[in-house]
Amino acid sequence: MDLTDMVETETTKKNIHSKKLSIQVSLNGLSFCILDQSKDRIIYFKRIDFDKQLDPIKVLSKIELTYEKEKELNQAVDEVVVLFTNSLFSLVPEEIFDEDNAASYLKFNTKILKTDFIAFDKIHPDIINVYIPYANITNYFFDKYGEFEYRHSLSVLIESLLKQPKDMDGPKVFLHSHLDTYELVIIENQKLLFANSFKFDTKEDFLYYLLFTAEQLNLEPNEFELIMMGDITKDSEEYNFAWNYIRNISFMGPFNSYHFQTANKPEKELSEYLLIKSL
């Protein structure tokens, strides 16, 4: 056996037992998921919704408490990815993006503090998502795991939707709901037409942002296809209200091939679309 064979063997052995931990962090809640990559099996899942929106300091306290209570989270893992879900982002065409002036893309719609760290994700093929992760939380996970990957959840959503089949006709409107917010992504011919997030308090707010966006893009409510995912279901008040105005509504079909070993499997896998897609 030569050196190349030894390296390949060691790499194969490492991959056989690799585990990947995905964590979604928002000011409204947390989700954790561990994938056994050798068996395509999710061996741990936990979701925690807060009673009210917290600040990043209190969210970190919730994370620390979760690690104290959940012994499964303290097992060894090979990869860690953390998703930040917030409205502190701006999408920028790659051709005009300047990393040295990343904060300038956020200053018009986000209050930036001197202590804020500016991060960015490159979204295939030519989009940059500039955003603010929570520095205290990234520091906590760095102390715990060393190097790890972190991304904005909208980046994961857009990338996954751009990989949809190329034979899809006409613009597709994708709505991903998470508690009292939703991300709206509109794609046509594998190109991103629109992406943003909206906070809503009532079903009227929910519908207004959707119809106003469609109007600005000259999309007729009786013609475009609306594909939903996330926390929303057919029993949701927002879904039933939207049905009065938009006739072509469906839900995202199967989107992963993983099996849930854990007894804490989410009631609806679509509610954890982003968490699972990041695995």
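So, here is what we can say about the structure in this document.

Cut-offs used in this document
Residues numbered from 1 in each chain as written. Predicted model: local features only at pLDDT ≥ 70, side-chain atom pairs only at ≥ 80, totals over all residues. Heavy atoms only, no water. Helix = DSSP H or I, 4+ residues; strand = E, 2+ residues; numbered from the N terminus. Rg over C-alpha atoms; globule rule 2.2 N^0.38 Å. Contact = heavy atoms within 4.5 Å. Areas by Shrake-Rupley, 256 points an atom, 1.4 Å probe, with all protein chains shown as cover. Lys, Arg positive; Asp, Glu negative; His and termini not counted. Charge placed at Lys NZ, Arg CZ, Asp CG, Glu CD. Buried < 20%, exposed > 50% of the residue type's maximum accessible area, 1.4 Å probe, protein only. 1 Å grid on protein atoms, 1.4 Å probe; cavity = no way out; pocket = protein on both sides within 12 Å on 5 of 7 lines; lining within 4 Å. Points joined across faces, edges and corners; volume = space filled by probe spheres on them. Nonpolar A, V, L, I, M, F, W, Y, C, P; charged D, E, K, R; others polar. Phe/Tyr/Trp six-rings, centres within 6.5 Å; stacked < 30°, edge-to-face > 60°. Lys NZ or Arg CZ within 6 Å of the ring centre and 35° of its normal. Core = buried A, V, L, I, M, F, W, Y, C linked by side-chain atoms within 4.5 Å. Pairing = 2+ DSSP bridges. Axes fitted to C-alpha atoms, helices over the stretch in contact; angles between N-to-C directions.

## Re the overall build of the protein
Across its full length, the protein carries 7 helices and 14 strands. For 279 residues, the compact-globule estimate of 2.2 N^0.38 gives 19 Å, and the protein sits close to it at 20 Å. Its C-alpha atoms give the protein principal-axis dimensions of roughly 65 × 45 × 40 Å. By sequence separation, contacts in the protein at least 24 residues apart represent 60% of the contacts at least 6 residues apart. Looking at the protein as shown, the accessible area adds up to about 15,300 Å², and 48% of this sits on carbon and sulfur atoms. Taking the average location of the 30 positive side-chain charges in the protein and that of its 46 negative ones, the two points are 5 Å from each other.

## Some thoughts on unusual backbone geometry
The step from His124 to Pro125 runs through a cis peptide bond, and the omega angle for that step is 0°. One non-glycine residue, Asp40, adopts positive backbone phi at about 50°. Structurally, Asp40 can be placed in the loop between β2 (29–36) and β3 (41–49). Given the relative accessible area of 34%, Asp40 is considered partly exposed. The backbone of Leu179 sits at a positive phi, close to 60°, despite the residue not being glycine. What makes Leu179 partly exposed here is its relative accessible area of 32%.

## Thoughts on the layout of surface pockets
Over the atoms a probe the size of a water molecule is rolled, and this reveals where empty space is left. As a volume, the largest pocket reaches approximately 560 Å³. At 3 residues, strand β11 (residues 191–199) tops the list of elements feeding residues into the lining of the largest pocket. Here the residues of the lining of the largest pocket sort into 10 nonpolar, 14 polar and 4 charged. By volume, the second largest pocket is sized at about 190 Å³. Taken together, Lys20, Val81, Leu83, Glu149, Arg151, Val156, Glu159, Ser160, Lys163, Lys277 and Ser278 form the lining of the second largest pocket. Broken down by secondary-structure element, the contributors of at least two residues to the lining of the second largest pocket are β4 (79–85), β8 (149–152) and α4 (153–162). For the lining of the second largest pocket, the element with the highest residue contribution is α4, accounting for 3 residues. A class-by-class count of the residues in the lining of the second largest pocket yields 3 nonpolar, 2 polar and 6 charged.

## What about the side chain of Ser271?
Within the secondary structure, Ser271 sits in the loop between β14 (259–260) and α7 (273–277). Judged by its relative accessible area of 14%, Ser271 falls in the buried class. Apart from the residues lying within four places of it in its own chain, the contact partners of Ser271 are Arg47, Gly230, Asp231 and Pro266.

## Quick look at the packing of aromatic side chains
Counted according to the given criterion, the structure contains 24 aromatic pairs. Seen in terms of ring centroids, Phe45 and Phe260 are 6.5 Å apart; in terms of plane orientation they differ by 85°. Their pairing is edge-to-face. In this pair, Phe45 sits in strand β3 while Phe260 sits in strand β14, placing the two residues 215 residues apart along the sequence. With 5.6 Å between their ring centres and 70° between their planes, Tyr208 and Tyr209 make a pair best called edge-to-face. For Tyr209, a relative accessible area of 26% gives the class partly exposed. A connected cluster of aromatic rings, assembled from ring pairs, spans Phe32, Tyr67, Phe84, Tyr134, Tyr140, Phe141, Tyr145, Phe148 and Tyr150. Seen from the ring of Phe241, Lys203 lies directly overhead, with NZ or CZ sitting 5.4 Å from the centre.

## Some remarks on the nonpolar core
Across soluble globular proteins, nonpolar side chains have a tendency to be buried as a group. Core analysis: the biggest nonpolar cluster contains 33 residues, and Leu161, Val185 and Tyr273 have the highest contact counts within it. The element best represented in this core is α4, accounting for 6 residues. Excluding anything up to four places from it in sequence, Tyr273 contacts Leu157, Ser160, Leu161, His176, Met229, Met252 and Phe255. Residues Val25, Ile34, Leu54 and Tyr67 belong to the second largest nonpolar core, which totals 25 residues.

## Observations concerning empty space enclosed by the protein
Enumeration over the complete set of coordinates arrives at 2 cavities of 30 Å³ or more. Of the voids in this model, the second largest cavity is the one considered here, and its volume is about 40 Å³. Looking at the lining of the second largest cavity, the elements with two or more residues in it are β1 (19–26), β2 and β3. For the lining of the second largest cavity, the class distribution of residues is 3 nonpolar, 5 polar and 2 charged.

## Here's the deal with the sheet that holds β3
Pairing within the open sheet is mixed, and its 6 strands lie in the order β8-β4-β1-β2-β3-β14. In this open sheet, the two strands that pair with only one neighbour each are β8 and β14. Note that β4 and β8 share 4 bridges and pair parallel. Following the sheet pairing, Leu83 is matched in β8 by Arg151. Across the sheet, helix α3 (residues 135–145) touches β1 and β4, and the angle it forms with β4 is around 175°. Against the sheet, α4 contacts β1, β4 and β8, and its axis sits at roughly 80° relative to β8.

Coordinates in, geometry out; function isn't part of it.
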